[in-house]
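# Analysis of the macromolecular model
Below are the chains, spelled out letter by letter.
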Amino acid sequence: LDETRDDLEDLAQRVKAAEAALQQSDSLIEQAESTVQSTAAELTRARADFERAANLVEKGDIAKRQFDAARASNEVAQADHNKAKSALIQARAAKLEAQAELAGAKADLGAPGEENARIRAAKAALETARLNLEFAQVRASVDGYVTNLGLRPGSQAVANQPALAL
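Below or above, wherever it landed, is the structure these notes cover. Predicted, not measured: the structure shown is a model, and the values here were computed from it.

## A closer look at a negative patch on the surface
Negative charge collects at one region of the surface, where Asp2, Glu3, Asp6, Asp7, Glu9 and Asp10 lie side by side. Within the fold, Asp10 resides in helix α1 (residues 2–59).

## Observations concerning the packing of α1 against helix α3 (residues 117–136)
Look at α1 against α3: their axes get within 10 Å of each other, and the N-to-C directions meet at 170 degrees. On the basis of the axis angle, α1 is roughly antiparallel to α3. For the pair formed by α1 and α3, the contact residues are Thr4, Arg5, Leu8 and Leu11 on the first element and Arg118, Ile119, Ala122 and Lys123 on the second. For the contact of α1 with α3, the per-class residue count stands at four nonpolar, one polar and three charged.

## What to know about the pattern of salt bridges
Counted according to the given criterion, the structure contains 12 salt bridges. Here Glu33 ties to Arg92 by a salt bridge, and the two come within 3.3 Å at their closest N and O atoms. Separated by 59 residues along the polypeptide, Glu33 in helix α1 and Arg92 in helix α2 (residues 64–109) bring together distant segments of the chain. Under the relative-accessibility criterion, Arg92 is labelled partly exposed at 42%. Each of Glu42, Arg45, Asp49 and Arg52 takes part in salt bridges that share partners, so that together they form one network.

Calculation criteria
- Residues numbered from 1 in each chain as written.
- Predicted model: local features only at pLDDT ≥ 70, side-chain atom pairs only at ≥ 80, totals over all residues.
- Heavy atoms only, no water.
- Patch = residues over 30% accessible without salt bridge, like charges linked within 9 Å, V, L, I, M, F, W, Y side chains within 5 Å.
- Areas by Shrake-Rupley, 256 points an atom, 1.4 Å probe, with all protein chains shown as cover.
- Salt bridge = Lys/Arg side-chain N within 4 Å of Asp/Glu carboxyl O.
- Lys, Arg positive; Asp, Glu negative; His and termini not counted.
- Charge placed at Lys NZ, Arg CZ, Asp CG, Glu CD.
- Helix = DSSP H or I, 4+ residues; strand = E, 2+ residues; numbered from the N terminus.
- Axes fitted to C-alpha atoms, helices over the stretch in contact; angles between N-to-C directions.
- Parallel < 35°, antiparallel > 145°, perpendicular 65-115°, else oblique.
- Contact = heavy atoms within 4.5 Å.
- Nonpolar A, V, L, I, M, F, W, Y, C, P; charged D, E, K, R; others polar.
- Buried < 20%, exposed > 50% of the residue type's maximum accessible area, 1.4 Å probe, protein only.

The analysis is restricted to geometry; functional conclusions fall outside its scope.
Right, here's the structure in full:
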């Protein structure tokens, strides 16, 4: 019974850890969403710069080198934005995993307090052991002397075989 209570305490700690992991996943999602918004703004700026540079290079108003720099900046911004979106997807997946872990931990823990199935099973096992102990003790119904004692240390009693006479 004590071991079961200790196990349930460990499971309760596992539930708390799973709840903390879920909160952390929420925070990571917020952070990833913020990064996606930031990279989207940077991508918009880089794309506009690239389009301006493309128009100006066609007219010959800027050097090809500036156009190449604008194109590279646009490509880097696109890659950063894609990376941020992937991080957001991973953060959402981590949240789903944390939710599943929390649900599993709560299921393993079971009902709170004395209504818990494990506690009830341990109490039933304890009562069964107490009952079996009572069955193992044999008391004479009358006073008398023990004779024909055939027991030695380590002997086992066998049903329907007398071990002594009263």
